[in-house]
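Close look at the chain arrangement
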Amino acid sequence: MLVLALDTSTPAVTAALAEVDDSHLTGLGERRTVDPRAHGELLAPQVRQVLADAGVRPAQLGAIVAGLGPGPFTGLRVGLATAASMGQALGIPAYGICSLDALGRAAGPGRVLVATDARRREVYFATYVDGKRVTDPDVAKPADVRVDADRAVGEGAVKYSEVLGLPIDDRVLHPPGEALIALALDKIRDRAPGDALTPLYLRRPDAVAATQRKHVLP
C-alpha cells in the first residue's frame with residue numbers, strides 16, 4: 001500500500017511517501033521546505049512533487065497520515081484540511097499522529113526532550129524514552145519546561161538551547177514523514193477507519209470573535 005504523510009505543524013512544510021506491506025515500511029521520498037508564512041502555498045506543490053518523484057498518481061494511494069500538531073493554528077490547519085479533503089476525494093482513510101511523537105521516534109534511544117517553536121517565546125514539548133512518549137504534550141515558556149532528559153531535539157530546542165541547558169541533536173529538527181507513517185502502521189495494516197484529524201492546538205487562537213458590538217457613533 002502506498003501511504004502519503006503530511007505535516008505543517010512547524011515552520012517546515014513536509015510531504016513524504018512510503019510503501020507499506022505486512023512486514024516492511026519502505027520510504028520512497030520526502031519533500032520539505034521551511035517557510036513559516038507559506039504553508040498554504042507550498043503544501044500542494046510538495047505533494048505533487050513527491051508523488052511525481054516516485055511515479056505515483058494520487059489514485060494509487062491507499063492511506064494518508066497527517067501530523068496533528070501541536071502547532072500554530074494557521075499552519076496546522078493547512079495540513080489537516082488537505083489530508084481530510086484528499087482522503088474524502090480519493091475514498092481512503094486519513095490517520096492523525098501527534099507531530100511531537102514523530103520527532104521522538106526519529107530521535108532514537110534514550111531519554112529525549114522534544115521541543116518545537118510555539119511562537120510567543122514559548123515551546124510545545126514532551127519527553128520520550130526510547131521513542132515512546134512519557135509526558136503529555138504541553139506548551140510553556142522555555143524557562144518553565146521541566147527538563148528530565150539527556151538531550152533535546154526539535155527546532156524549539158535549538159532556538160532555546162541556552163535556556164533548556166541540554167545537549168542538542170540538531171539533526172532532528174522537524175517531524176519526518178516516514179516516522180509519522182511508522183507510528184500509524186497498525187491502523188494502516190488493519191485498514192482501520194480514518195480518524196477525525198482533531199488538531200492539537202494546546203491554546204486558543206490569537207483571533208477570536210467579538211463578544212459584543214462596538215459603538216461607532218458618538
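Note that the coordinates shown come from a computational prediction; the quantities given were computed from them, not determined experimentally. The residue numbering used here restarts from 1 in each chain and proceeds along that chain's sequence as written. Side-chain atom pairs in this predicted model are given and counted only at pLDDT of 80 or more, local residue features only at pLDDT of at least 70, and totals for whole chains, interfaces and linings cover all residues. Computation of side-chain values covers all heavy atoms of the structure but excludes hydrogens and water.

1. With respect to the side chain of Glu122
Every helix listed is a DSSP run of H or I at least four residues long, and every strand listed is a run of E at least two residues long, numbered separately from the N terminus. Structurally, Glu122 can be placed in strand 7 (residues 122-129). Taking relative accessible area as the criterion, Glu122 reaches 17% and is therefore assigned buried. Ignoring sequence-local partners within four residues, the contact set of Glu122 consists of Thr116, Asp117, Val139, Ala140, Lys141, Pro142, Tyr160 and Arg203. Partly exposed residues are those whose accessible area sits between 20% and 50% of the maximum for their type, while under 20% is buried and over 50% is exposed, using a 1.4 Å probe and protein chains only. Note on contacts: a residue pair is in contact if any heavy atoms of the two residues lie within 4.5 Å.

2. A word on the packing of aromatic side chains
The geometry of two aromatic rings is summed up by the distance between their centres and the angle between their planes. Note on aromatic contacts: the rings of Phe and Tyr and the six-membered ring of Trp form a pair at centre separations within 6.5 Å, being stacked when their planes are under 30 degrees apart, edge-to-face when over 60 apart, and tilted otherwise. Throughout the structure, instances matching the rule amount to one aromatic pair. Relative to Tyr201, the ring of Phe73 has its centre 5.0 Å away and its plane inclined at 45°; by these criteria the two rings are tilted. Taken as a pair, Phe73 in helix 2 (residues 73-90) and Tyr201 in the segment after helix 7 (185-190) lie far apart in primary sequence, 128 residues in all. In this structure Phe73 comes out as partly exposed when scored by relative accessible area, which is 32%.

3. As for helix 2
Here the expected length of a helix is defined as 1.5 Å per residue gap, with one fewer gap than residues. Compared with the 26 Å implied by 1.5 Å per residue over 18 residues, the 26 Å span of helix 2 between its first and last C-alpha is a close match. Here helix 2 has its buried residues at Gly75, Leu76, Val78, Gly79, Leu80, Ala83, Met86 and Gly87. Buried residues belonging to helix 2 abut strand 1 (2-7), helix 1 (39-54), strand 4 (61-67) and strand 5 (94-97). At the C-terminal side of helix 2, Gly91 shows a positive phi close to 70°.

4. As for unusual backbone geometry
In the segment running from Gly69 into Pro70, the intervening peptide bond is cis, with an omega of 10°. Counting through the fold element by element, Pro70 comes out in the loop between strand 4 and helix 2. One non-glycine residue, Arg191, adopts positive backbone phi at about 50°. When you line up the elements, Arg191 lands in the segment after helix 7. The residue Leu197 is not glycine, and still its phi comes out positive at about 55°. With respect to the secondary-structure elements, Leu197 resides in the segment after helix 7. Overall, the relative accessible area of 10% leaves Leu197 in the buried class.

5. Notes on the side chain of Thr8
Along the chain, Thr8 falls in the loop between strand 1 and strand 2 (12-20). Exposure remark for Thr8: the relative accessible area of 2% places this residue in the buried category. Polar contact is the term for a pair of N or O atoms within 3.5 Å; when the atoms are in protein, one must be able to donate a hydrogen and the other to accept it, and sequence-neighboring residues count only if both atoms are side-chain atoms. A polar atom in the side chain of Thr8 sits 2.7 Å from the backbone oxygen of Gly75. A distance of 3.5 Å separates the side chain of Thr8 from the backbone oxygen of Leu76, its partner in a polar contact. What Thr8 contacts, discounting residues up to four positions off in sequence, is Val13, His39, Leu43, Gly75, Leu76, Val78 and Gly79.

6. A short note on the environment of Ser23
Structurally, the position occupied by Ser23 is in the loop between strand 2 and strand 3 (25-34). By relative accessible area, which is 52% here, Ser23 ends up exposed. For the pair Ser23 and Gly75, spaced 52 residues apart in sequence, the C-alpha to C-alpha distance is 34 Å. A polar contact of 2.8 Å, which involves the side chain of Ser23, links it to the side chain of His24.

7. As for the sheet that holds strand 1
In space, the five strands of this open sheet follow the order 3-2-1-4-5, with mixed pairing throughout. Either end of the sheet is taken by a strand with one partner, and the two such strands are strand 3 and strand 5. Ignoring strand direction, the axes of neighbouring strands in this sheet form an average angle of 20°. Note on pairing: DSSP must find at least two bridges between two strands before they are called paired. In this structure, strand 1 lies alongside strand 4, joined through five bridges in parallel fashion. The partner of Leu6 across the bridge, within strand 4, is Ala66. Whenever a helix is involved, its axis is fitted only over the stretch in contact; in every case the axis is a line through C-alpha atoms, and angles between N-to-C directions fall within 0 to 180 degrees.

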